[in-house]
Amino acid sequence: MLLTIDCGNTNTVFSIWDGTEFLCTLRTSTHHARTADAYFTWYSTLINHYGIKADITDVIISSTVPRVVWNLRVFTDRFFNCRPLVVGKPDCLLPVAPRVDQGTQPGPDRLANAVAAYDRHGGNTVVVDFGTATNFDVVAEDGAYVGGVIAPGVNLSLEALHSGAAALPHVDVSQPERVIGTNTVGCIQSGVFWGYTGLIEGIISRIKAEYGRPMKVVGTGGLAPLFEKGDHLFDTIEDDLTMHGLTVIHKYNKDQGNI
Ligand SMILES: Nc1ncnc2c1ncn2[C@@H]1O[C@H](COP(=O)(O)OP(=O)(O)OP(=O)(O)O)[C@@H](O)[C@H]1O
Ligand SMILES: CC(C)(CO)[C@@H](O)C(=O)NCCC(=O)O
Ligand SMILES: [K+]
């Protein structure tokens, strides 16, 4: 069985893939100091709690935080006795090489999103991923990741308002009833919710215009469904997109005899 690990700047997610479906998804916050033993304590507690019989033989990691990779490698080696594939490292093959400026290291989550979107929907696709950042990942006709857009994430923007303005409280994102807020919280919710709706619409339409041909739009990440409620922004929403990409990349490396 395959353990897929998606380590973002805020959260780290483990999923177990049995070759057909994900048996479970476990989420913890990302801490670069978390040790291999701590990962295992957390992992085995939850696996036992859910009664999952997981015989992990392979591990693939996407990490946007370089410092956590070392502990995850030790975790993989010590508890599963295997060497993980790490997306973005030279020894992890991708089905199609990214086409970006020389010296650019695209985020491994964006590479996995591109592979997953191509596998499910073909090329000429843009992924909108709501994580710590809100990133737009453009997938060309042949499945290559060809760049995109990085905007500050929704929760990061809310935190920035709260920490930069003494009179503004911490507010959770939600869709406000009205655009014109009549209290402080309503004003902030409106700014962030409708501001992001405009950002998403505007960037997608500019990407499409620049790309010059029809594109499919796939939303992913925790907040995609919330924004879809406000307006029709996405052709589809898939919360397991990054994880699916990791399973496809793993299979590709296996098929190529690389692992
Ligand atoms: N209605 C909501 N309001 C606020 N947060 C939400 C809502 N729905 C989901 N979320 C948040 O979305 C997050 C899941 O998103 P996702 O895993 O894509 O990104 P992340 O973990 O925040 O970022 P990264 O992957 O960069 O670490 C969870 O932290 C969850 O709290
Ligand atoms: C943009 C984020 C933070 C989104 O998780 C991540 O993909 C990342 O750190 N990327 C590196 C830079 C790039 O993708 O061009
Ligand atoms: K993510």
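Now for a description of the structure that goes with this document.

The rules behind the values
- Residues numbered from 1 in each chain as written.
- Chains lettered and ligands numbered in written order.
- Predicted model: local features only at pLDDT ≥ 70, side-chain atom pairs only at ≥ 80, totals over all residues.
- Heavy atoms only, no water.
- Near = heavy atom within 4 Å.
- Polar contact = N/O pair within 3.5 Å; in protein donor to acceptor, adjacent residues only side chain to side chain.
- Areas by Shrake-Rupley, 256 points an atom, 1.4 Å probe, with all protein chains shown as cover.
- Nonpolar A, V, L, I, M, F, W, Y, C, P; charged D, E, K, R; others polar.
- Helix = DSSP H or I, 4+ residues; strand = E, 2+ residues; numbered from the N terminus.
- Contact = heavy atoms within 4.5 Å.
- Phe/Tyr/Trp six-rings, centres within 6.5 Å; stacked < 30°, edge-to-face > 60°.
- Buried < 20%, exposed > 50% of the residue type's maximum accessible area, 1.4 Å probe, protein only.

Another aspect to go through is the site of ligand 1. Gly8, Asn9, Thr10, Asn11, Arg27, Phe130, Gly131, Thr132, Val173, Gly221, Gly222 and Leu223 make up every residue found near ligand 1. At a separation of 2.7 Å, an oxygen atom of ligand 1 approaches a polar backbone atom of Asn11. Considering ligand 1 on its own, with 620 Å² of exposed area, one finds that the protein chains cover 64% of that surface. The residue inventory of the shell around ligand 1, partitioned by class, reads 3 nonpolar, 8 polar and 1 charged.

On to the environment of Ala112, then. Turning to its location among the elements, Ala112 is positioned in helix α3 (residues 108-121). In the structure, Ala112 is positioned 95 residues away from Ile207 in sequence and 20 Å away in space, judged by C-alpha atoms. Ignoring sequence-local partners within four residues, the contact set of Ala112 consists of Leu241, Thr242, Gly245, Leu246 and Ile249.

This part is about the packing of aromatic side chains. The description of an aromatic ring pair rests on the distance of the ring centres and on the angle between the ring planes. Within the structure shown, the criterion is met by 17 aromatic pairs. Taking the centre distance of 6.2 Å and the plane angle of 35 degrees together, the rings of Phe40 and Tyr43 count as tilted. Here Phe40 and its partner Tyr43 are both found in helix α1 (residues 36-50), 3 residues apart, which amounts to about one turn of the helix. Taking relative accessible area as the criterion, Phe40 reaches 27% and is therefore assigned partly exposed. Tyr43 gets classed as buried once you look at its relative accessible area, which sits at 4%. Between the aromatic rings of Phe130 and Phe227, the centroid separation amounts to 5.4 Å while the plane-to-plane angle is 5 degrees, which identifies the pairing as stacked. With Phe130 in strand β6 (residues 125-130) and Phe227 in helix α6 (residues 224-230), this pair connects stretches of sequence that are 97 residues apart. Residue Phe130 is classed as buried on the basis of its relative accessible area, which comes to 6%. When its relative accessible area of 0% is taken as the criterion, Phe227 is described as buried.

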